[in-house]
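Fold and contact review
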Amino acid sequence: MSDEDDCPPLCEMDTVDSNGEDDEWEVAEEQNEPVKCLFCDSISPTMTVAIRHAKQQHDFDLAGVRRRYHLDEYSYIKMINYIRREKPGAEQFKIVHAGSSLPWADDRYLKPVENETWLMFDLDELDEIMLNNGGSNGGNGSLGEKENGADIGETMTLTTDQYRKLQGIINDLTAQLREKENLLQHAASSMEKMKQSFRNIMEEPTPSKEKVKGVGGDQKLQQIKKKLEHCVSSVSVDDDQGYFNTYSHFGIHHDMLSDEVRTSSYRDAILRNADIIKDKVVLDLGCGTAILSMFASKAGAKEVISVDQSDIIYQAMDIVRSNDIDNIRFVKGRLEDTELPVEKVDIIVSEWMGYFLLFEGMMDSVIYARKQYLREGGLILPNRCNISIAGYGDLERHNEFIGFWKNVYGFDMSCMKKEVLREATVEECKPEHVITNANIIANFDLMEVDVDCPNFSYEFSLSVKRDSNLTALVGYFDTFFELPEHIEFSTSPYTRPTHWKQTIFYLEEPVPVSEGQSIVGKFICRRDPKDVRSLFITIEVLNKVLKYTLD
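Residues numbered from 1 in each chain as written. Predicted model: local features only at pLDDT ≥ 70, side-chain atom pairs only at ≥ 80, totals over all residues. Heavy atoms only, no water.

The next subject is the pattern of salt bridges. This model, assessed by the stated rule, comprises 20 salt bridges. Here R375 ties to D346 by a salt bridge, and the two come within 2.9 Å at their closest N and O atoms. Linking R375 in strand β9 (residues 374-381) with D346 in strand β8 (residues 345-349), this pair joins segments that are 29 residues apart in sequence. Accessibility expressed as a relative area gives 39% for R375, which makes it partly exposed. Its relative accessible area of 16% is what places D346 among the buried residues. In this structure, a network of salt bridges that share partners links the residues E86, D106 and R108. (Salt bridge = Lys/Arg side-chain N within 4 Å of Asp/Glu carboxyl O. Helix = DSSP H or I, 4+ residues; strand = E, 2+ residues; numbered from the N terminus. Buried < 20%, exposed > 50% of the residue type's maximum accessible area, 1.4 Å probe, protein only.)

Turning our attention to the sheet that holds strand β5 (residues 281-285). Overall, parallel pairing links the five strands, which are arranged β7-β6-β5-β8-β9 in an open sheet. Either end of the sheet is taken by a strand with one partner, and the two such strands are β7 (328-332) and β9. Each neighbouring strand pair of the sheet contributes to a mean axis angle of 20°, computed without reference to strand direction. Of the strand pairs in this sheet, β5 and β8 are connected by three bridges, and their pairing is parallel. The partner of D284 across the bridge, within β8, is V349. Running over the sheet, helix α12 (residues 291-298) touches β5, β6 (303-308), β7 and β8 and is turned about 175° from β6. Contacting β5, β8 and β9, helix α14 (residues 363-373) runs over the sheet at an angle of about 155° to β9. (Pairing = 2+ DSSP bridges. Axes fitted to C-alpha atoms, helices over the stretch in contact; angles between N-to-C directions. Contact = heavy atoms within 4.5 Å.)

A contiguous nonpolar surface patch, about 500 Å² in accessible area, is contributed by Y409, F411, M413 and M416. Relative to the assigned elements, M413 resides in the loop between α15 (395-401) and α16 (416-422). (Patch = residues over 30% accessible without salt bridge, like charges linked within 9 Å, V, L, I, M, F, W, Y side chains within 5 Å. Areas by Shrake-Rupley, 256 points an atom, 1.4 Å probe, with all protein chains shown as cover.)

What follows covers the packing of aromatic side chains. What the rule picks out here adds up to 19 aromatic pairs. Judged by centre distance (6.1 Å) and plane angle (65°), the ring pair of F39 and F93 falls under edge-to-face. Linking F39 in the loop between β1 (35-36) and β2 (43-44) with F93 in the loop between α3 (73-86) and α4 (126-132), this pair joins segments that are 54 residues apart in sequence. Judged by relative accessible area, F93 falls into the buried class, the value being 2%. Chaining the aromatic ring pairs together yields one cluster made of F39, F60, Y69, Y82, F93, W104 and Y109. The residue whose ring lies beneath R384 is F480, and the NZ or CZ to ring-centre distance is 4.0 Å. (Phe/Tyr/Trp six-rings, centres within 6.5 Å; stacked < 30°, edge-to-face > 60°. Lys NZ or Arg CZ within 6 Å of the ring centre and 35° of its normal.)

Turning our attention to helix α2 (residues 62-69). With six of eight residues buried, α2 is to be regarded as a mostly interior element. Along α2, the residues classified as buried are L62, A63, G64, V65, R66 and Y69. The opening residue of α2 is D61, an N-cap whose side-chain oxygen sits 3.2 Å from the backbone nitrogen of A63. Positive backbone phi, approximately 50°, marks H70, located one or two places after α2. (Polar contact = N/O pair within 3.5 Å; in protein donor to acceptor, adjacent residues only side chain to side chain.)

What follows is the structure, encoded as structure tokens:
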């Protein structure tokens, strides 16, 4: 389902490569690169020393700044580039800014500074550095004047075990540096392509400056923004083909069509609101077997444009012909790379939801369709969705799935738990094991959201309903067709099961909880920077930082 020998506890987990395997790297001859201070000309031999120097000499606490501004990989890159270009004083980073007013919020700070060592630093390493140095609050063992009991610059004698452990750490850091270098090279190449596209757009003749400021200018800015967005449209069709190939298999369509909650909800939303559909041009995005297109045709649509990139579209054509329907036109291709046979549509209908709502990233295509093809005053069906989480306590299932590895035919395979726990699982949960109330952690109005909406965070508080053991957090979503004949459905554990089931984020060990207790924490969702259709989930709860992937 990314970055990253014993099994560490779950709170120390980091993400792994998208294929679930750790790469093996040879050790480079030069283990460390000198690091120039962000605020003066001082040069440090390692990143750890550079972070310590910034804390001591400039009162710049990177860990504190990260927490204060909720820095992810991209905002960290922009902040470093901002510092290098604008040369602000360290005191500026003690000022609390709103997210949209951060001095480095502008996308121009994504352009990497050449040979910048700070950009190669993995933020996920920061917690380990802080832990190994006793935190960032000063005191014994802090980022102060001594490291491991020796003054900087003194000679230290290491045992063989200490040397091997240090060598292992260096090997890991070397591998991460190489990976970061590759990412930065790719980013630099992408930025150069964006710059060229910008030049091409701006070199187009325009009648006057006023027009650039008007509608024409807005269109150009939208084109520029589109090229900068980290979304499905930024991925080549060839690289994205694996996603569409999964929908070329008949089994997945059987699962979706036989999901009566899903299919009957769409049917009822369309047919019970036929007065809204009648004589309208409808876009069925990701049409699959064209079941929604046929519902729209039956409701009296003037024309239905059915778009799909997978080969299932050929069977959909046969299905429509065999049902003597003549007002459905098919377009094979990914919407972002395809021209529709109409300029605008009145209604967009799409069953785009993935596991945990956002997995697979198809909402990006709905947003693209809205911006490019939806007529002013048009509709999107469904028009709103939300995501909820709740506490879950199923000891039997936790023992089957997590505890299983403690004794596998007489062998201890506990080290497998590290990998198992990193992946969020999709399972059908039993309502009797939901032990807290639910919190809605994200709400998406399809007429308003933009492609960055999968990157969100929410501070939750879950009230325990009875004495139990917390074994996981469970995520699910609700979907709304807010029409005159209102239709909605839920993937909650309390409702009729769907093919989406629920998404489970297991804890490493069950935690006893009591009735009335509040389980507070923070839920952070981010796109996988290497795979825009996948998600990184971080949950800060019970004094732990738990990391999961959904791919």
